[in-house]
Protein chains: 4
Amino acid sequence: MDDLSGAVSSGEHELGTAVQEAWLDDRELEVVRGRVPMVYVEAVPVRLDEVGQVTHVGLLLRAMADSTISRAIVSGRVLWGETVRQALQRHLDKDLGPSAFPRLPAAPAPFTVVEYMPDPTRTGYYDPRQHAVSLAYLVAVEGECEPSQEALDFVWISSEEAASAAVSAEMTGGQDRIVRLALAYAGRLP
Amino acid sequence: MDDLSGAVSSGEHELGTAVQEAWLDDRELEVVRGRVPMVYVEAVPVRLDEVGQVTHVGLLLRAMADSTISRAIVSGRVLWGETVRQALQRHLDKDLGPSAFPRLPAAPAPFTVVEYMPDPTRTGYYDPRQHAVSLAYLVAVEGECEPSQEALDFVWISSEEAASAAVSAEMTGGQDRIVRLALAYAGRLP
Amino acid sequence: MDDLSGAVSSGEHELGTAVQEAWLDDRELEVVRGRVPMVYVEAVPVRLDEVGQVTHVGLLLRAMADSTISRAIVSGRVLWGETVRQALQRHLDKDLGPSAFPRLPAAPAPFTVVEYMPDPTRTGYYDPRQHAVSLAYLVAVEGECEPSQEALDFVWISSEEAASAAVSAEMTGGQDRIVRLALAYAGRLP
Amino acid sequence: MDDLSGAVSSGEHELGTAVQEAWLDDRELEVVRGRVPMVYVEAVPVRLDEVGQVTHVGLLLRAMADSTISRAIVSGRVLWGETVRQALQRHLDKDLGPSAFPRLPAAPAPFTVVEYMPDPTRTGYYDPRQHAVSLAYLVAVEGECEPSQEALDFVWISSEEAASAAVSAEMTGGQDRIVRLALAYAGRLP
């Protein structure tokens, strides 16, 4: 681990002075991932009706860490020096595009904590690359979503459908369960 | 209680078929208030910054049930047949005006439950008229607030100031404590 | 759910000066129930393992307000002058017996709010007698449960089974959904 | 906070196959700490009365990362492969002794998320060694606490006193604020 270099990548540079994370190349990130749990955030994008009730869940279609093409929620790493809110905003912007206008929740407490492990039998949440502790938030989205170049598609699915076995079967790593937990938190699990 | 009449008031009428509460005149409401706890909702209006962090708390200036003129949050009764969300929306509309555009939270769970009692020593929350169980929510407000005819004023106060002893001294019935609990929930209590 | 009509029970008497609810006979309670929403509490009894994880859900078998014999969670009215904690304790004692040793949660916020309506299509939670706003809590139970004389049976069911369609079919009024929401809150919904 | 550098302790060894964290010597941990945020847990130990209400907060007296001797809550790192619950249990055992009998909460969601930064002006939570994202839980403790050899003292302080300016002045890094947020979550902030 001697050669963890100090250059700042362009990606982090955009965050300005808030994030001073040293550059981690692929090999270095892999080494760190084997030493300590990574901090992640998950955002379940939702549409609300006029009295704040969840009507739809937004799902991406993308290539996943487990090499499948699956429906997915917004999920990503918190960088060194970045706040949880900044990380949420950054991943939402990247995945849903600049016109999504996500409304980050006022409270810092997530609705659940997801523990991804390389061993799928440990917690039911699976990531072959790492142990990640992920803070999961429900995020109301008011604008129009355009999936980023990394995603193949983005769809709004009714809350009933989002909890169905058919949609669950299209998700991996336990993200279908995060969607059901999000719907339960919103009082909208069928 | 024989003469609890059945006429529907104009106030409830506006809610349409959702609310079929029988008309309660002042004396009848007083009788019911002595028999069962009333269901209430509280809304702490807040301004958020671009990453969802609370920056300001909105406070009304109004005549209170305890005959004082005090700073106050939005608070009111849930009517028979009315959902908690409808009640929140109705009281926010009434107190903050039609251009406030409050964002009701997606989750039905309040951040705290407030128990008003006619005996001020019971819970620290005091209402001389009744025992009320009140569900307290943080509500982001994006539009312009115009206090209703019942309120004398409406101001946005910074989150630091809202938790101060000076502002607390201008509130009664324990509402200053609700504001501090709301700020703590939002991670913004100094 | 409880039948709180009639003379003041010994259970209420024990609460002493805390509860000064006026006597409500059957007819009066019926009248009040048609005028204002009732305040209720629900408790989902759970067994935890040594690190606090839910392993089992406790379900009563009892005659319900809708005239069915169903599996049920602990549920009952908050009396005038009674705190939410006192009501929870009273209903848990009555339904699970004196050796249950329920651990009431430290936080006053329920994990969800349930709105029972006489119209089953309004919220999905149904009570033919009334509009009730119910605060739902997860309650760890460490002792032995003996169902009261009003209940026919009490069983501990694994968290997986408790969320199953088979067990859900044995519950009415939407209480199966409360169980699933409780499991989701505990991170244990399959 | 704990010092987890150095050889694998007997504490980690007891976790058996659950934790397979690679050995991190002092220098390696320091390097990793400068690259990614660390995952931490905080536990605010509390005494509850018979209806679950917080009456006292437990505070350690110890040497802190900022070189002060301060009052402190239980706080420590989540190891690679360790679940959040296991980490909580391990740190509670280490800091409060084997007879504390802490009751871990059933829900995985913390009451707040604390973001420690080496720059004290960023979030108000300060750790000179690292950026740590810490999940904060309220933990009811029923047994007797014996501070570990690392702590100089352990005391139970009334909830009113715990929120006072005098006690806050004896805490560092923002932990006094975590105590106030915990009390607010429990509805017990004065």
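Not measured: the values here are computed from a predicted model.

**Student:** Quick rundown of the overall build of chain A? Include the residues and the values.
**Tutor:** The helix and strand tally for chain A stands at 6 helices and 9 strands. Going through the 190 residues of chain A one by one, you find that 59% of them count as buried. Within chain A, contacts between residues separated by at least 24 positions form 67% of all contacts whose residues are at least 6 apart in sequence. In the form shown here, chain A has an accessible surface area of approximately 7,300 Å², with 51% of it arising from carbon and sulfur atoms.

**Student:** I'd like a description of the interface of chain B and chain C, backed by residues and values.
**Tutor:** A common way to report how large an interface is uses the accessible area buried once the components associate. The interface of chain B with chain C comprises 40 residues on the first partner and 40 residues on the second. Counting each side, the surface lost to burial between chain B and chain C is near 3,000 Å², with a carbon and sulfur contribution of 67%. Among the residues chain B hides against chain C, the three largest losses belong to B:R35, B:W80 and B:R122. Together they make up 21% of the total. At the boundary of chain B and chain C, one finds 0 salt bridges. Elements supplying a minimum of two residues to the side of chain B that touches chain C: α2 (26–33), β1 (38–48), α3 (84–96), β6 (112–117) and β8 (132–141) of chain B. Considering every element that reaches the side of chain B that touches chain C, the biggest residue donor is β6(B), with 4 residues. Looking at the side of chain B that touches chain C residue by residue, the class counts come to 24 nonpolar, 8 polar and 8 charged.

**Student:** A description of the relation of the copies chain C and chain A should follow, citing residues and the corresponding values.
**Tutor:** Laying chain C over chain A is done by rotating through 180° and shifting 0.0 Å along the axis; what remains is an RMSD of 0.1 Å. In short, the pair behaves as if placed about a two-fold rotation axis. In terms of proximity to the rotation axis, the leading residue of chain C is C:A184, whose C-alpha is 3.1 Å off the axis. Same-surface contact between copies: 100% of interface residues of chain C are shared with the interface of chain A.

**Student:** Account for the environment of D:S75, with residues named and values stated.
**Tutor:** Residue and element names in this part refer to chain D. Mapped onto the fold, S75 is located in strand β4 (residues 74–77). Along the sequence, S75 and E115 sit 40 residues apart, while their C-alpha atoms lie 13 Å from each other. Only 3.0 Å separates the side chain of S75 from the side chain of E42, close enough to count as a polar contact.

**Student:** So what's going on with the pattern of salt bridges? Residues and values would help.
**Tutor:** All chains considered together, the criterion is met by 37 salt bridges over all chains. For C:R71, the salt bridge is made with C:E170, and the minimal N-O distance between the two is 2.9 Å. Of the two residues, C:R71 sits in strand β3 (residues 69–72) while C:E170 sits in the loop between α5 (165–168) and α6 (175–185), which places them 99 residues apart along the sequence. Classification of C:R71 by relative accessible area gives buried; the value is 15%. For C:E170, a relative accessible area of 39% gives the class partly exposed. A salt bridge links C:R129 to C:D127; its shortest N-O distance comes to 3.0 Å. Take C:R129: its relative accessible area is 29%, and that puts it in the partly exposed class. A cluster of three or more residues bridged by salt bridges with shared partners is formed by A:R103, A:E142, B:R103 and B:E142.

**Student:** So what's going on with the pairing of strand β1 (residues 38–48) of chain C? Residues and values would help.
**Tutor:** Residues and elements named next belong to chain C. Burial analysis of β1 places 10 of its 11 residues in the buried class, the great majority of the element. Here 9 bridges tie β1 to strand β8 (residues 132–141), and the two strands are oriented parallel to one another. By the bridge assignment for β8, E42 is matched with A136. Summarising the sheet, β1 and strand β4 (residues 74–77) pair through 4 bridges and their orientation is antiparallel. What sits directly across from E42, in β4, is S75. Sheet topology places β1 next to strand β2 (residues 54–63); 3 bridges connect them, and they run antiparallel. Bridging from a neighbouring strand, R47 pairs with H56 of β2. Linking β1 back to β2 in an antiparallel pair, the connection comprises 5 residues, with G52 at a positive phi of about 85°.

**Student:** Lay out the packing of aromatic side chains with the relevant residues and their values.
**Tutor:** One pass over the structure, following the stated rule, counts 12 aromatic pairs over all chains. Ring centres of A:F154 and A:W156 lie 5.2 Å apart, and the angle between their planes is 90°; on these two criteria the pair is classed as edge-to-face.

**Student:** Tell me about the interface of chain C and chain A, and please be specific about residues and values.
**Tutor:** Taken together, the contacts link 7 residues of chain C with 7 residues of chain A. Regarding the contact of chain C and chain A, the summed buried area is about 780 Å², with carbon and sulfur atoms giving 52% of it. Of all residues in chain C, C:R177, C:L181 and C:L189 give up the largest surface area on contact with chain A, accounting jointly for 47% of the area buried on that side. In this structure, the connection of chain C to chain A is made through 0 salt bridges. In this assembly, chain C and chain A are joined by 6 residue pairs in polar contact (both at pLDDT 80 or more). Its residues assigned to classes, the side of chain C that touches chain A shows 4 nonpolar, 1 polar and 2 charged.

**Student:** I'd love a proper account of the relation of the copies chain B and chain C, names of residues and values included.
**Tutor:** Superposition of chain B onto chain C requires a rotation of 180° combined with a translation of 0.0 Å along the rotation axis, giving an RMSD of 0.1 Å. Interface overlap between copies: 90% of the residues of chain B at the interface are likewise at the interface in chain C, consistent with a symmetric, same-surface contact.

**Student:** Would you mind going over helix α3 (residues 84–96) of chain C in detail, with residue names and values included?
**Tutor:** All names here are of chain C. In a regular helix each residue adds 1.5 Å, so 13 residues correspond to 18 Å; α3 covers 18 Å between its end C-alpha atoms and thus fits that length. Of all 13 residues in α3, 11 are buried; the element is thus mostly enclosed. For α3, the complete set of buried residues consists of V84, R85, Q86, A87, L88, Q89, R90, H91, L92, D95 and L96.

**Student:** Tell me what's going on with the environment of A:Q175, and back it up with residues and numbers.
**Tutor:** All names here are of chain A. In this structure, Q175 sits in helix α6 (residues 175–185). Q175 sits in the buried class, given a relative accessible area of 5%. Once the C-alpha coordinates of Q175 and A72 are considered, the two residues, 103 residues apart in sequence, prove to be 6.8 Å apart.

**Student:** An account of the pairing of strand β2 (residues 54–63) of chain A is requested, with residue identities and associated values reported.
**Tutor:** Residues and elements named next belong to chain A. Inspection of the sheet shows β2 paired to strand β9 (residues 151–158) by 7 bridges, in the antiparallel sense. Considered in β9, the bridge of V57 is made with I157. Here 4 bridges tie β2 to strand β3 (residues 69–72), and the two strands are oriented antiparallel to one another. Each residue of the ladder has a partner; that of R62, found in β3, is S70. Between β2 and β3, which pair antiparallel in sequence order, lie 5 residues; one of them, S67, sits at a positive phi of approximately 75°.

**Student:** Explain α6(C) to me, and be specific about the residues and the numbers.
**Tutor:** Residues lying three or four places apart along an α-helix face the same way, a consequence of the helix completing one turn every 3.6 residues. Judged by how many residues are buried, α6(C) sits mostly within the fold: 10 of 11 residues are covered. With its phi angle positive at about 70°, C:G187 sits one or two positions after the end of α6(C).

**Student:** I'd like a description of the side chain of B:R177, backed by residues and values.
**Tutor:** With respect to the secondary-structure elements, B:R177 resides in helix α6 (residues 175–185). Buried and unpaired, B:R177 has no salt bridge, with B:D176 as the nearest side chain of opposite charge at 7.5 Å. Contacts of B:R177, omitting those with residues within four sequence positions, involve B:T123, B:G124, B:Y125, D:G187, D:L189 and D:P190.

**Student:** Which residues make up the confidence of the model for chain A, and what values go with them?
**Tutor:** Residues and elements named next belong to chain A. Scored by pLDDT, chain A has a mean of 88; 88% of the residues are at 70 or more. Here residues 1–21 is modelled with pLDDT under 50, and outside its nearest four sequence neighbours on either side it reaches 41 contacts, counting other chains as well. Interface predicted TM-score (ipTM) for the complex: 0.87; the corresponding pTM is 0.89.

**Student:** Talk me through the side chain of A:H91; I want residue IDs and the actual numbers.
**Tutor:** Residue and element names in this part refer to chain A. With respect to the element layout, H91 can be found in helix α3 (residues 84–96). Exposure remark for H91: the relative accessible area of 5% places this residue in the buried category. Other than its neighbours up to four places away in sequence, H91 contacts V41, V74, S75, G76 and R77.

Quick notes on the rules
Residues numbered from 1 in each chain as written. Chains lettered and ligands numbered in written order. Predicted model: local features only at pLDDT ≥ 70, side-chain atom pairs only at ≥ 80, totals over all residues. Heavy atoms only, no water. Helix = DSSP H or I, 4+ residues; strand = E, 2+ residues; numbered from the N terminus. Buried < 20%, exposed > 50% of the residue type's maximum accessible area, 1.4 Å probe, protein only. Contact = heavy atoms within 4.5 Å. Areas by Shrake-Rupley, 256 points an atom, 1.4 Å probe, with all protein chains shown as cover. Buried area = accessible area lost by both parts, 1.4 Å probe. Salt bridge = Lys/Arg side-chain N within 4 Å of Asp/Glu carboxyl O. Nonpolar A, V, L, I, M, F, W, Y, C, P; charged D, E, K, R; others polar. Least-squares fit on C-alpha atoms with pLDDT ≥ 70 in both. Polar contact = N/O pair within 3.5 Å; in protein donor to acceptor, adjacent residues only side chain to side chain. Pairing = 2+ DSSP bridges. Phe/Tyr/Trp six-rings, centres within 6.5 Å; stacked < 30°, edge-to-face > 60°. Expected span 1.5 Å × (residues − 1). Lys, Arg positive; Asp, Glu negative; His and termini not counted. pLDDT = per-residue confidence, 0-100.

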